[in-house]
Amino acid sequence: MKTQLRYSFEFIGFACAFLISATTYAQSGPAGVGSSTSNQVWLDAHSLDIPDGTSIASWSDLSGNGSDFTQGASERQPTYNTSGISGISSISFDGVNDVLASGSIPALESANITYFIVYDRTTLTSDMLINADYTSSFRKWRTYMNNGQNTVYSVHFSPGINWVRYTDPVGASFLSTHITPTTNSIYNQGNLELSKSATYTVPTGHNAVFVGNKDATAISLYTFTGEIAEVIVYNETLNPLERILVENYLGAKYDMTIPTDHYAYNASHRFGLIGIADDGTDTQTTSKGAGQLEISGATDLDSDEYFLIAHTDFSFTTYTGADLPIGLPEHERLERTWRVGETADVGTVTLTFHLTGGDYAASDSYLVLTDDDGDFTDATSTAGTYDAIAQTVTFDIDFDDGDYFTLSGIPEVLVIHSVDDGLWSDVDTWDCVCIPGENDSVYIDPATEVTVDIDGYVDFLRVEFTANLIMDTDVTLEINGDFEMAGDTEFTDGTVSFTGEVAQDITIISTAA
């Protein structure tokens with residue numbers, strides 16, 4: 001007798017397993033500054049993309065370190081504000097007892113600390129933006145405002161108090177604090193407000209970082225009232241070029257004036273700014289940020305030259321068949337577009353699209369469409385080089401300042417069968433001699449055993465009778481459609497996520513005498 005069990009899920013992101021993995025890249029921090037080694041915390045409210053007014057139990061960290069900030073007590077949870085700061089989502093803190101806290105981050109037991117905060121203080125109460133708690137000092141470094149004053153203080157205790165400050169402007173703003181072994185400096189929207197000589201003693205025993213409150217339990221004493229949209233923490237000193245790039249990232253996104261602005265197109269393209277540059281002293285030659293696009297390899301990058309790009313924030317997995325050159329009738333392009341801000345001429349630049357989770361087209365069909373006015377019907381097309389193992393496609397293009405570009409290809413939907421025991425990442429495992437993509441229907445055929453060893457993406461997945469699907473490492477398998485399980489599964493590690501935008505069926509088929 002055959003028994004069939006069916007479950008439907010009406011929501012996105014249901015997880016059927018235990019651990020979430022993160023792939024990290026060099027220069028993966030904000031603006032492409034730093035990696036997960038140096039960028040220890042990156043909290044971006046906009047990335048949460050949840051309904052307005054939602055209580056925040058966890059603010060997910062984008063740094064690649066899993067340093068999420070959490071609050072288990074519902075009465076202490078701040079709320080999500082979709083109108084936020086300059087129309088970008090933020091987290092609202094009530095000034096009574098709201099607080100979010102990290103766990104221990106040993107990498108912050110460092111001789112250098114740099115942090116950026118985007119905020120909007122709405123009352124002149126005693127407000128704590130951030131506080132770092134160590135065993136050696138429960139208030140090692142912090143930024144706060146005193147009751148009835150509009151002065152912002154960033155201080156560290158080594159062991160005595162060492163402070164820098166500025167007058168808080170009216171409305172939303174962002175600050176950065178730069179602590180070295182010998183100096184303490186504070187900037188407001190890229191303007192140096194105060195720098196002082198101050199010995200910083202290296203702390204030990206990091207316990208937590210608190211956002212919106214001085215500790216986990218305080219009520220009505222140095223609890224922040226207002227909005228916090230982004231928090232970025234490094235365990236190193238940024239050089240001036242790196243600081244300016246992060247300032248450009250924040251200035252473009254939140255429409256805030258900065259003194260060294262190298263990107264003029266944030267009215268239409270304000271998200272995910274990354275850049276490569278040479279300021280005459282320091283250089284940044286590769287940049288990726290948290291998105292799927294990496295820039296590198298500028299062939300003529302000289303002193304005082306900058307190449308920055310930002311995008312429109314459409315999903316990397318939404319496509320359109322409109323606004324395409326007439327000679328590409330089978331193509332679809334990403335709805336997301338990017339725009340170039342180029343100071344001087346950096347030469348030809350290498351674009352690398354990391355397609356994991358978004359490899360939607362035939363591998364030999366990918367093109368970058370470049371245009372000077374954003375109308376892609378007369379765009380210039382450039383072919384690239386596809387790497388099936390890395391799931392990347394790479395292009396070399398000489399852009400002009402103000403250019404728009406996007407990615408197009410011929411959508412490809414495959415029905416893929418396993419033909420041998422093997423790894424998900426091994427093309428010889430599959431009859432297509434490829435790696436399955438998010439549009440594909442995948443069958444683990446009878447008498448074959450497939451081990452998911454990389455993050456995998458499919459539309460439909462079926463495990464046939466006498467087949468076996470194994471997940472025993474910290475990877476994620478995303479399924480956009482239905483999942484049928486007639487054979488065996490061994491899920492001892494990793495995550496299975498159901499990410500479809502409509503109801504998904506999980507069908508479990510068993511046999512009984």
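Procedures and definitions
Residues numbered from 1 in each chain as written. Predicted model: local features only at pLDDT ≥ 70, side-chain atom pairs only at ≥ 80, totals over all residues. Heavy atoms only, no water. Helix = DSSP H or I, 4+ residues; strand = E, 2+ residues; numbered from the N terminus. Buried < 20%, exposed > 50% of the residue type's maximum accessible area, 1.4 Å probe, protein only. Lys, Arg positive; Asp, Glu negative; His and termini not counted. Salt bridge = Lys/Arg side-chain N within 4 Å of Asp/Glu carboxyl O. Polar contact = N/O pair within 3.5 Å; in protein donor to acceptor, adjacent residues only side chain to side chain. Contact = heavy atoms within 4.5 Å. pLDDT = per-residue confidence, 0-100. Pairing = 2+ DSSP bridges. Core = buried A, V, L, I, M, F, W, Y, C linked by side-chain atoms within 4.5 Å. Phe/Tyr/Trp six-rings, centres within 6.5 Å; stacked < 30°, edge-to-face > 60°.

What follows concerns the side chain of D440. In this structure, D440 sits in the loop between β34 (422-423) and β35 (441-444). Despite its burial, D440 pairs with no opposite charge; the closest candidate is R462, at 17 Å N-O. From its side chain, D440 meets the backbone nitrogen of G437 in a polar contact 2.7 Å long.

Moving on, we come to the environment of S136. Here S136 is to be found in the loop between β10 (127-134) and β11 (141-145). We classify S136 as partly exposed; its relative accessible area is 44%. When sequence neighbours within four positions are dropped, the list of residues in contact with S136 reads P203 and T204. From its side chain, S136 meets the backbone nitrogen of T204 in a polar contact 3.0 Å long.

Averaged over every residue, the pLDDT of the protein chain is 92; the share at 70 or more is 94%. A low-confidence stretch, residues 1-25 (pLDDT under 50), is modelled with 68 contacts involving residues beyond four sequence positions or located in other chains.

Across three bridges, the pairing between strand β37 (residues 456-458) and strand β40 (residues 476-479) is parallel. Residue V458 lies in a different strand from β40, and its bridge partner there is I479. Here four bridges tie β40 to strand β43 (residues 495-498), and the two strands are oriented parallel to one another. From the neighbouring strand, I479 faces β43, where its bridge partner is F498.

This part takes up the sheet that holds strand β21 (residues 286-287). Backbone hydrogen bonds hold the strands of a sheet together, and the pairing may be parallel or antiparallel. Taking strand neighbours across the sheet as the criterion, the five strands line up as β21-β22-β27-β31-β30 in an open arrangement whose pairing is antiparallel. The outermost strands of the open sheet, each flanked by one partner alone, are β21 and β30 (385-387). By the bridge criterion, three bridges tie β30 to strand β31 (residues 392-397) in an arrangement that is antiparallel. Each residue of the ladder has a partner; that of D387, found in β31, is T392.

With that out of the way, let us pick up the nonpolar core. Most often, soluble globular proteins keep nonpolar side chains buried together rather than apart. W59, I117, Y119, W141 and I228 are the most contacted members of the largest nonpolar core, which totals 36 residues. The contact partners of I228, leaving out residues within four places of it in the chain, are A45, W59, S90, I91, F93, I117, V118, Y119, L129, V211 and G212. Core analysis: the next-biggest nonpolar cluster, separate from the first, contains 29 residues, V33, I232, V246 and A252 among them.

Okay, the sheet that holds strand β36 (residues 449-451) next. Overall, parallel pairing links the four strands, which are arranged β34-β36-β39-β42 in an open sheet. Either end of the sheet is taken by a strand with one partner, and the two such strands are β34 and β42 (488-491). Relative to β36, β34 is paired through two bridges, and the arrangement is parallel. Paired with G422 across the bridge in β36 is V450.

Turning our eyes to something else, we now look at unusual backbone geometry. The omega angle of the peptide bond from S158 to P159 is -15 degrees, so this bond is cis rather than trans. Among the secondary structure elements, P159 is positioned in the loop between β12 (151-157) and β13 (161-167). Even without being glycine, D304 reaches a positive phi, approximately 60 degrees. Position of D304 relative to the elements: it lies in the loop between β22 (293-296) and β23 (305-311). For D304, a relative accessible area of 48% gives the class partly exposed.

A few words now on the pairing of strand β27 (residues 349-354). Counting buried positions along β27 yields six of six residues, so the element is predominantly enclosed. The two faces of β27 match: V349, L351 and F353 on one face and T350, T352 and H354 on the other face are all buried. Where β22 and β27 come together, four bridges link them in antiparallel fashion. When the sheet's bridge partners are listed, E294 is paired in β27 with T352. Looking at chain direction, β27 and β31 are connected through six bridges and run antiparallel. When the sheet's bridge partners are listed, H354 is paired in β31 with T392.

With that settled, the discussion passes to the packing of aromatic side chains. Overall, the coordinates contain 18 aromatic pairs when judged by the stated rule. Seen from their ring centres, Y153 and W163 are 6.3 Å apart, and the 80 degrees between their planes marks the pair as edge-to-face. Linking Y153 in strand β12 with W163 in strand β13, this pair joins segments that are 10 residues apart in sequence. Its relative accessible area of 12% is what places Y153 among the buried residues. Ring geometry for Y360 against Y366: centres 5.8 Å apart, planes inclined by 80 degrees, an arrangement best described as edge-to-face.

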